[in-house]
Amino acid sequence: MKIGIPKALMYYFYYPFWKTLFESLGFEVVTSDDTSKSILDIGVKEAVAEICVPMKVYTGHVLNLLDKSVDYIYIPRFVSLRKGIFMCPKFMGLPDMIKGLFDGIENKILTHNIVSKSTDISEFHNYTVFIDKLGVSRKDLKNALKKARDKWLEFRTLNKQGYDINELLTSDKPKKYEGDITIGLIGYVYNVYDRFVNMDLLNVFRKLNIKVVTFDMMEERIIQRQLKKFKKNMFWEFTNMLLGTAYEFMERDDIDGIIHITAFGCGPDSIVEPFLTIDSEKHKKPFMTLRIDEQTGESHVITRVEAFTDLIRIKKYKAEKTVEGVI
Amino acid sequence: MKITFPYMGSPYMYEKLFTLLGHEVITPPKPSQKTVDYGVKYSPEFACFPLKVILGTYLEALELGADTIVTSGGNGPCRAGYYGEAQKKILRNMGYDVEFIIFDEPKKDIKGFMDNVMKIKGKSSWAQVIRTVKIVYDMAKSMDKIEKIVETKRAYECNKGEFTKAWHEITEEYRRIESSEDVKKVERKAIERLNSIKICEVPEKEKIRIGIVGEIYVVMEPSINGNIEEVLNAYGAEVERSHYISEWIDFNLIPLPSYKEKEHKILKKGEKYIEIIIGGHAKQSVGAIIDFMERGFDGVIHLKPFGCLPELVSQSVIDKIMREYDYPILSLSIDEQMAIANVLTRIEAFLDVIKLKKHRKKIAR
Ligand code: SF4
Ligand code: SF4
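Reading the values: rules and limits
- Residues numbered from 1 in each chain as written.
- Chains lettered and ligands numbered in written order.
- Predicted model: local features only at pLDDT ≥ 70, side-chain atom pairs only at ≥ 80, totals over all residues.
- Heavy atoms only, no water.
- Near = heavy atom within 4 Å.
- Helix = DSSP H or I, 4+ residues; strand = E, 2+ residues; numbered from the N terminus.
- Nonpolar A, V, L, I, M, F, W, Y, C, P; charged D, E, K, R; others polar.
- Domains from an automatic or database assignment.
- Buried < 20%, exposed > 50% of the residue type's maximum accessible area, 1.4 Å probe, protein only.
- Pairing = 2+ DSSP bridges.
- Core = buried A, V, L, I, M, F, W, Y, C linked by side-chain atoms within 4.5 Å.
- Disulfide = S-S within 2.5 Å.
- Polar contact = N/O pair within 3.5 Å; in protein donor to acceptor, adjacent residues only side chain to side chain.
- Contact = heavy atoms within 4.5 Å.
- Buried area = accessible area lost by both parts, 1.4 Å probe.
- Salt bridge = Lys/Arg side-chain N within 4 Å of Asp/Glu carboxyl O.
- Axes fitted to C-alpha atoms, helices over the stretch in contact; angles between N-to-C directions.
- Parallel < 35°, antiparallel > 145°, perpendicular 65-115°, else oblique.
- Phe/Tyr/Trp six-rings, centres within 6.5 Å; stacked < 30°, edge-to-face > 60°.
- Left-handed = near helix turned anticlockwise from the far one by under 90°.

A. Layout of the site of ligand 2. All names here are of chain B. In the vicinity of ligand 2, the contacting residues are Cys48, Pro50, Cys78, Arg79, Ala80, Tyr83, Glu215, Gly280, Pro305, Cys308, Leu309 and Pro310. Listing elements by their share of the shell around ligand 2, those giving two or more residues are helix H4 (80–93) and helix H14 (309–325). Of the residues contributing to the shell around ligand 2, the split by class is 9 nonpolar, 1 polar and 2 charged. A domain-level breakdown of the shell around ligand 2 finds at least three residues from each of domain 1 (2–124) and domain 3 (207–365).

B. Layout of the environment of His300(A). Structurally, the position occupied by His300(A) is in helix H14 (residues 298–326). Classification of His300(A) by relative accessible area gives partly exposed; the value is 36%.

C. Looking closely at the sheet that holds strand S2 (residues 24–25) of chain B. Spatial strand order, S2-S1-S3-S4 (chain B): 4 strands in an open sheet with parallel pairing. Lying at the two open borders of the sheet, with one neighbouring strand each, are S2 and strand S4 (99–103) of chain B.

D. View of the nonpolar core. The biggest cluster of nonpolar side chains holds 215 residues, and the ones touching the most others in it are Phe22(A) and Phe130(A). The element best represented in this core is helix H1 (residues 11–24) of chain A, accounting for 9 residues. Listed in part, the 9 residues of the second largest apolar core include Ile3(B), Ile101(B), Ile120(B) and Val129(B).

E. How the structure looks around the state of the cysteines. Residue and element names in this part refer to chain B. Under the counting rule described, the total for this entry stands at 1 disulfide over all chains. For cysteine 158, the disulfide goes to cysteine 200, at an S-S distance of 2.1 Å. Handedness here is read from the sign of the S-S torsion; for cysteine 158 and cysteine 200, about 125 degrees, the answer is right-handed. Of this pair, cysteine 158 sits in the loop between helix H6 (126–153) and helix H7 (162–175) while cysteine 200 sits in the loop between helix H8 (180–195) and strand S5 (208–214); the two residues are 42 residues apart in sequence, bridging distant segments of the chain. Note on cysteine 158: relative accessible area 22%, which makes it partly exposed.

F. Fine view of the side chain of Thr4(B). All names here are of chain B. Here threonine 4 shows up in strand S1 (residues 2–4). Take threonine 4: its relative accessible area is 0%, and that puts it in the buried class. Among the polar contacts made by the side chain of threonine 4, one reaches the main-chain carbonyl oxygen of isoleucine 26 at a distance of 2.9 Å. Apart from the residues within four sequence positions on either side, threonine 4 is in contact with Ile26, Pro28, Ala61, Ala66, Thr68, Ile69 and Val70.

G. Spatial organisation of the interface of chain A and chain B. On the side of chain B, 42 residues touch chain A, which itself brings 41 residues to the contact. The largest per-residue losses of area from chain A upon contact with chain B belong to Glu50(A), Lys232(A) and Phe235(A), which jointly make up 20% of the total buried on that side. Taken together, chain A and chain B are joined by 7 salt bridges. Between Glu50(A) and Lys304(B) there is a salt bridge, and its shortest N-O distance comes to 3.3 Å. Our count for the chain A to chain B interface comes out at 13 residue pairs in polar contact (both at pLDDT 80 or more). Secondary-structure elements contributing two or more residues to the side of chain A that touches chain B are strand S4 (77–80), helix H4 (89–92), helix H5 (94–101) and helix H13 (267–282) of chain A.

H. Highlighting the site of ligand 1. The local shell around ligand 1 consists of Cys52(A), Pro54(A), Met55(A), Cys88(A), Lys90(A), Phe91(A), Tyr188(A), Tyr190(A), Cys266(A), Gly267(A), Pro268(A) and Leu309(B). More than one chain reaches ligand 1: the nearby residues come from chains A and B. Looking at side-chain class alone, the shell around ligand 1 contains 10 nonpolar, 1 polar and 1 charged residues. Residues lining the shell around ligand 1 come from more than one domain, with at least three contributed by each of domain 1 (2–160) and domain 2 (167–326) of chain A.

I. Fine view of the packing of H6(B) against H8(B). Residue and element names in this part refer to chain B. Taken N-terminus to C-terminus, the directions of H6 and H8 make an angle of 5 degrees; their axes are 9 Å apart at the nearest point. The orientation of H6 with respect to H8, classified from their angle, is roughly parallel. In contact with Lys134, Ile135, Asp138, Met139, Ser142, Lys145, Ile146, Ile149, Val150 and Lys153 of H6, H8 contributes Ser180, Val183, Glu187, Ala190, Ile191, Leu194 and Asn195.

J. Summary view of the packing of aromatic side chains. All names here are of chain A. Taken as a whole and judged by the stated rule, the model has 28 aromatic pairs over all chains. Taking 5.2 Å as the distance between ring centres and 80 degrees as the angle between the ring planes, the aromatic pair formed by phenylalanine 230 and tyrosine 247 counts as edge-to-face. Residue phenylalanine 230 is found in the loop between helix H11 (220–227) and helix H12 (237–251), and its partner tyrosine 247 is found in helix H12; the two are separated by 17 residues along the sequence. Of the two residues, phenylalanine 230 and tyrosine 247, both sit in the buried class. For the pair phenylalanine 230 and phenylalanine 275, a centre-to-centre distance of 5.8 Å together with 70 degrees between the ring planes defines the contact as edge-to-face. With phenylalanine 230 in the loop between H11 and H12 and phenylalanine 275 in helix H13, this residue pair connects regions lying 45 residues apart in the sequence. Overall, phenylalanine 275 belongs to the buried group, its relative accessible area being 4%. In this structure an aromatic cluster arises from ring pairing among Phe13, Tyr14, Phe17, Trp18, Phe22, Tyr74, Phe78, Tyr127, Phe130, Trp152, Phe215 and Phe238.

K. Structural view of the packing of helix H1 (residues 12–20) of chain B against H7(B). Residues and elements named next belong to chain B. One can describe the packing of H1 onto H7 by two numbers: an axis separation of 10 Å at closest approach and a directional angle of 15 degrees. Classed by the angle they form, the pair H1 and H7 counts as roughly parallel. Considering how the two elements wind past one another, H1 and H7 form a crossing that is right-handed. Residue-level contacts link Tyr12, Glu15 and Lys16 of H1 to Thr171, Glu172 and Arg175 of H7. Classifying every residue of the contact of H1 with H7 gives 1 nonpolar, 1 polar and 4 charged.

Below, the structure is given as structure tokens:
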């Protein structure tokens, strides 16, 4: 049996988990192709016009998988990754949305709810639908989940050591990249790591000799510590993680500036925005929002990043010179 | 403490609540172009439209001297749950020293909730508080009952504008009540008043009934949705909404199962299309569409703020419902750029489709 996994949204955070899980259960895993113009165009055409680009991209990937004659497309419903905290409503309604968009796709969708205590989504109770639907035994499922968990934790450990997710997903010998200045990049995995959608942003940084730190590279406990500052957490877990990371970046001296990469029309980010703009200014940390949508051009991204980081460099070296002068 | 609050539907219930508890109240003005301009100017560009308008409302109320904002934190999981916090951040940053009393779900933070209750209780006795809450609840129920009559009968008034005029006057009467008995009196008078308005009846077969569903703020606040109910009535269509404040109270604030039946029934009907509650009122919206359809309404208008997260999921399944049942549904996005003329044309076209459908049915019979 072939299980298709769309290369979009949570793919970038959970692919090692999913791949191991399904393969250990004896299934073949097929991913959709890398995001391309044609995948995006299909998504734009089929999805609701007002919806954010990541959801359009996802829609495109689902159709791309249909062409690969898979038996199932795996579309889990992420409900909660921490008690009392949810996910962006679009994640919570993702299978409904896909079913709503395409007639007759129901039987092709493999879905279940994920209600978890943490980002470790390996709890058995979430997967019991597999037993009937995929005809696997409880025991095999438990074993597969354990293997998947180990694999995922391995991946996350490396990720938190500073390897970016694309390196980890695409290369056997992942590399870390350094630079003479460091940017804290705030953004969901699907905006940071989808090279087509963000005009290969990480590479832009690399060419400019800039080191990048992202939320997925942060230890959860650091993020949680920052979040304690807020009387009330936001309703969406990944948004909370971005918020906590951003406050950590504001306080850290080794971060020279913060860029918030966000999709046009992203609801949760619009609520985060006033907190980031107001408080990064208070912390005197250079801050910029980079908005991406289906029409974003490469030159736009490069120009903005260059302008922003040039300023940071000038400031940094000036400051260093004065320090040297004093000495 | 000069209290103000968001403006959604009639503000008189909140005004009554706080006044009867002995507070000084700054009732916010009805949202206008100025409100929208203020809100848009100071909110994040991609914030949802209700957040912007409510921020604009606060700014206007602050100009009028308010210093305390009372609002609900919403039971999420959607942006509205964080409106208060975000707006506080923005207003403080603008230099306003304003206090926010944000009511969150008591189960999450019972202490915070009780602290807030004590602030609102002020010097009143508990007996007074209970009496006040009862009066305001009766008032909400009663006003909704009268408004439902208006939304139905206004479609058939012989002289345009009579019902709207009467409704405005009636709400002013409600504004003056002091007790639950007063509520009953005003209600009786209101019904008499409405009954005296001349009606040009239409044969039952030709009556058009439209349901309005969607995100609660844009459904409930006529100044933001282009007075859609009045517009539909003027075209000769009866209207019913999926949200009424008294029903919201029943479902969210009264801890008795019998008060929640209606909402549960609606949610159940949405389940086939949206399995779980995903935030906002998406599942209710879809359930309400099915409900209106089953009750023989001729079509539904779905209102959502532009970019509204959960309602975009509803919209994705609405197309499917339209296909499946061949049922007319019009989805409208509302924001500061909405052009009324354009909306009117779309509504008109929508009603034409419905009339044509009805006509065909008649012939087929
Ligand atoms: S968090 Fe933002 S970008 Fe992600 S799905 Fe939700 S609205 Fe879209
Ligand atoms: S339901 Fe829509 S309007 Fe309400 S908070 Fe959520 S996104 Fe905003």
